[in-house]
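What follows is each chain in one-letter form.
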Amino acid sequence: MRKAFTGIALAAALLFGSAWAQNTFVYQTFGGIDTLDPAQAYDTASSVAIENIYETLYDYVGESVTEFQGSLATDWSANDAGDQYTFTLREGVTFHSGNDFTCADVEYTVERMLVHNPSDGGVWFLAESFLGAQGNADAVLGDDASDADYADFFARIDDAAECIDENTIQFTLDAPDPTFFVKMMSDVARIVDRDFAIDNGLWDGTEATWRDWIGVNLREYHLHDAASGTGAYQLVDWDGEQLVAERYDGYWGDTPAVQDVVVQTVDEQSTRLLAIQAGDASRVQVGDRATLEQLRGAEGVTIHEEPNWLSTTVGMVFFNSDINTDNNPDVGSGQLDGDGIPANFFDDANMRKCFAYNFDQQAFIDQVLQGQGQALTMGLPPSFLGYRDDLPTYDLDYAAAEEACQAAHGGAVWENGFEFTATYNAGNTTRQAALNIIKDNIEFMNPGFRMNVRELAWPDYLAYTDEGKGTMFALGWAPSYADSDYFLHPFYHSEGFYAGRTGIDNPELDALIDAARETVDAEEREDLYEQVGQIAYDEMPMLPYPSPNEFIVTRDNVQGVYLNPMYGGQFLWKDIVLD
């Protein structure tokens, strides 16, 4: 009955603009929700909803990414080998559907994600933990796989999660994994309602049907736009542009203060700025610090900022050591003749350092980040294990740059000059600025040096760099789980996410990162990661550019705001109050 009344009230609010029901939190952002299915979603906008509707076994404490508290589990342990984890599940929890939460839901959630594992989803890092491979069965087994191969693959999925009893789940991994516990706090591991899913046509959980569900696009099925989680808020409606949720009265934890939440996709930034000033929105997303200045001093608006709110997204200028020069307009002649660059242009460390010493860190912080940012010594957020704050950063130094340039490729670069084009994704002015700072300085250093900068549409940019055609390009990486491995393996390992784009192949780095994956000793892992940082500085395979300090914009009446970088919305709705 209450749900129907709430729906009418919210519908009225839609008709009359700012006339939202009292005690409603309205969040206007840009970039719409992709899907509500935890096994398919892999974007920040979707996380904003999913993290409030579904829950994991453990969760973060406030702003901390190193302190944890029980959510759907009350206790956990790991065996000495580090390849088996056991969780005691919370009793008395119900889903929004009314179904009881049991161990069978946890087992189904894990097996379901491993069966589906869509190529554009975020299951890959947990598939690596459970099965030793990132892909789904079709990708791992290949075209020539037999029925017996598939049967063996499913047996491994079936063994990955086992209910010891109704309130105890045991996970068995492919190998020891010190990152497993925090991986289980990612969105993909949020527990779904088994009976709700099966009753609405999703995988029935049996071996008889699993092959029909391998790699399917879950956006075409019921959990894409319907949900039954255990979270503090339950879905009322999502029409693709606007999501409405309401407080779940059967929630096992403390009763949230806010009754209703509305998330609106409003791509026009000026519209969002007007909404927060008029009181039509409780919170708005502001895309950059320069625009933020328009809101300072606005009546009724609060800008939340803290010195320790440094972004955990790491931005990089990548140097490709093995450029694919086939039909590649960005390499010019493809030769070191002054009119182009060869495939191995950035394979020479002196060449990479030449460019790195032409990046003005402080100018980037002052001009792009409005003075609110921090230079990074390596590809890791400073708050993560193994970050080297004792290392210097590559900063603008014409003497050092010239020395490196003259040493590169036996002096041929300094003598002959070069011309090539660097790339970034269209609309990302931060990455554009990073490349242009280098361009201006390196062209000033030697009149024979010519560096162009061009943009590519996002899908084209990903495909272009994935083909190895990016010469020098800017991209970023945000954490899906709070562990250094999620940054250092993708950046620096020869089998990492960026390896195909950069040609990185350093056996010493590989050995250090692999060793850190094989031990649960935190001090040992820290030492290994610190050694990665030293090599990254010495070899300069890629250049981190400064990270910005984050901020949150709300109305004055929104209390309880904090920033945890592991949440898509930076805080959970259940923790805030509208005065």
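Anyway, here's the lowdown on the structure attached to this text. (Residues numbered from 1 in each chain as written. Predicted model: local features only at pLDDT ≥ 70, side-chain atom pairs only at ≥ 80, totals over all residues. Heavy atoms only, no water.)

### Digging into the layout of surface pockets
Its boundaries defined by the atoms lining it, the second largest pocket holds a volume of some 430 Å³. Lining the second largest pocket are 19 residues, with Pro-178, Leu-385, Ala-482, Asp-483 and Arg-525 positioned closest to its centre. Counting residues per element, the ones that place at least two in the lining of the second largest pocket are strand 4 (73–78), helix 7 (180–183) and helix 20 (522–539). Broken down by element, the residue count for the lining of the second largest pocket peaks at three residues, all from helix 20. (1 Å grid on protein atoms, 1.4 Å probe; cavity = no way out; pocket = protein on both sides within 12 Å on 5 of 7 lines; lining within 4 Å. Points joined across faces, edges and corners; volume = space filled by probe spheres on them. Helix = DSSP H or I, 4+ residues; strand = E, 2+ residues; numbered from the N terminus.)

### Side note on helix 6 (residues 147–160)
With 14 residues, helix 6 ought to run about 20 Å at 1.5 Å a step, and its terminal C-alpha atoms sit 20 Å apart, in line with that. When we look at burial in helix 6, the residues that qualify are Tyr-150, Phe-153, Phe-154, Ile-157 and Ala-160. An end-on view of helix 6 places all buried positions within 105 degrees of arc, on one side of the element. As for helix 6, its buried residues are in contact with helix 3 (103–116), helix 4 (124–131), helix 5 (137–141), strand 6 (161–165) and strand 7 (168–172). (Expected span 1.5 Å × (residues − 1). Buried < 20%, exposed > 50% of the residue type's maximum accessible area, 1.4 Å probe, protein only. Arc of directions from axis to C-beta. Contact = heavy atoms within 4.5 Å.)

### As for the sheet that holds strand 5 (residues 84–89)
Strand order in the open sheet made by the four strands is 4-5-7-6, with antiparallel pairing throughout. The open sheet terminates on both sides in strands that have one partner only, identified here as strand 4 and strand 6. The average angle at which neighbouring strand axes cross in this sheet is 20 degrees, direction not considered. Against the sheet, helix 6 engages strand 6 and strand 7, with an angle of about 40 degrees to strand 6. (Pairing = 2+ DSSP bridges. Axes fitted to C-alpha atoms, helices over the stretch in contact; angles between N-to-C directions.)

### Observations concerning the nonpolar core
Membership of the largest hydrophobic core comes to 126 residues, with the highest contact counts inside it found for Phe-171 and Tyr-492. Of the residues forming this core, the biggest block, seven residues, is contributed by helix 3. Residues within four places of Tyr-492 in sequence aside, it is in contact with Met-316, Met-378, Gly-379, Ile-504, Leu-509, Asp-510, Ile-513, Val-532, Ala-536, Pro-541 and Met-542. Counting 41 residues, the second-largest nonpolar core is a separate cluster that includes Ile-341, Ala-434, Met-445 and Leu-543. (Core = buried A, V, L, I, M, F, W, Y, C linked by side-chain atoms within 4.5 Å.)

### Topic: a negative patch on the surface
Residues Asp-237, Asp-239, Glu-241, Asp-267 and Glu-268 make up a contiguous surface patch of negative charge. Along the chain, Asp-267 falls in the loop between strand 10 (260–265) and helix 9 (269–278). Judged by its relative accessible area of 57%, Asp-267 falls in the exposed class. (Patch = residues over 30% accessible without salt bridge, like charges linked within 9 Å, V, L, I, M, F, W, Y side chains within 5 Å. Areas by Shrake-Rupley, 256 points an atom, 1.4 Å probe, with all protein chains shown as cover. Salt bridge = Lys/Arg side-chain N within 4 Å of Asp/Glu carboxyl O. Lys, Arg positive; Asp, Glu negative; His and termini not counted. Charge placed at Lys NZ, Arg CZ, Asp CG, Glu CD.)

### With respect to unusual backbone geometry
At His-409, a residue that is not glycine, the phi angle is positive and equals roughly 50 degrees. Looking at the secondary structure, you find His-409 in the loop between helix 13 (398–407) and helix 14 (412–416).

### Considerations on the pattern of salt bridges
Enumeration over the complete set of coordinates arrives at 22 salt bridges. For Arg-296, the salt bridge is made with Glu-305, and the minimal N-O distance between the two is 3.2 Å. Arg-352 serves as the salt-bridge partner of Glu-539, at 3.8 Å between the closest nitrogen and oxygen. With Glu-539 in helix 20 and Arg-352 in helix 11 (residues 349–356), this pair connects stretches of sequence that are 187 residues apart. Glu-539 gets classed as partly exposed once you look at its relative accessible area, which sits at 33%. Linked by salt bridges that have partners in common, Arg-289, Glu-293, Arg-296 and Glu-305 make up one network.

### Quick notes on the state of the cysteines
Across all of its chains, the model carries two disulfides by this definition. The disulfide that involves Cys-103 links it to Cys-163, with 2.2 Å between the sulfurs. A torsion of -105 degrees about the S-S bond marks the disulfide between Cys-103 and Cys-163 as left-handed. A residue pair is termed long-range when its members are at least 10 positions apart, and Cys-103 in helix 3 and Cys-163 in strand 6 qualify at 60 residues. (Disulfide = S-S within 2.5 Å.)

### Details of empty space enclosed by the protein
Within this structure, the stated rule accounts for three cavities of 30 Å³ or more. Space inside the largest cavity adds up to approximately 80 Å³. As for the largest cavity, its lining consists of 14 residues, of which Glu-51, Tyr-54, Glu-55, Leu-572 and Lys-574 are closest to the centre. Its residues assigned to classes, the lining of the largest cavity comprises five nonpolar, four polar and five charged. (Nonpolar A, V, L, I, M, F, W, Y, C, P; charged D, E, K, R; others polar.)

### Regarding the packing of aromatic side chains
Aromatic ring pairs are defined here through the distance separating the ring centres and the angle between the ring planes. For the structure on display, the rule yields 60 aromatic pairs. Between the aromatic rings of Trp-477 and Phe-497, the centroid separation amounts to 4.9 Å while the plane-to-plane angle is 40 degrees, which identifies the pairing as tilted. Placement of the pair is Trp-477 in strand 17 (residues 472–477) and Phe-497 in the loop between helix 17 (485–492) and helix 18 (499–502), with a sequence separation of 20 residues. Given a relative accessible area of 43%, Phe-497 falls into the partly exposed group. Where Phe-491 meets Tyr-492, the ring centres are 6.1 Å apart and the plane angle is 65 degrees; that geometry is what we call edge-to-face. Directly above the aromatic system of Trp-252 lies the positively charged group of Arg-90, at a separation of 4.0 Å from the ring centroid. It is Arg-454 that lies over the ring of Tyr-464; its NZ or CZ is 5.4 Å from the centre. (Phe/Tyr/Trp six-rings, centres within 6.5 Å; stacked < 30°, edge-to-face > 60°. Lys NZ or Arg CZ within 6 Å of the ring centre and 35° of its normal.)

### What about the packing of helix 13 against helix 15 (residues 429–445)?
Running from N to C, helix 13 and helix 15 cross one another at 70 degrees; their axes reach a closest spacing of 11 Å. Regarding the angle of helix 13 to helix 15, the classification is roughly perpendicular. Side by side, helix 13 and helix 15 meet where Tyr-398, Ala-401, Glu-402 and Cys-405 of the first sit next to Asn-441, Phe-444 and Met-445 of the second. Taken together, the residues that form the contact of helix 13 with helix 15 break down as five nonpolar, one polar and one charged. (Parallel < 35°, antiparallel > 145°, perpendicular 65-115°, else oblique.)

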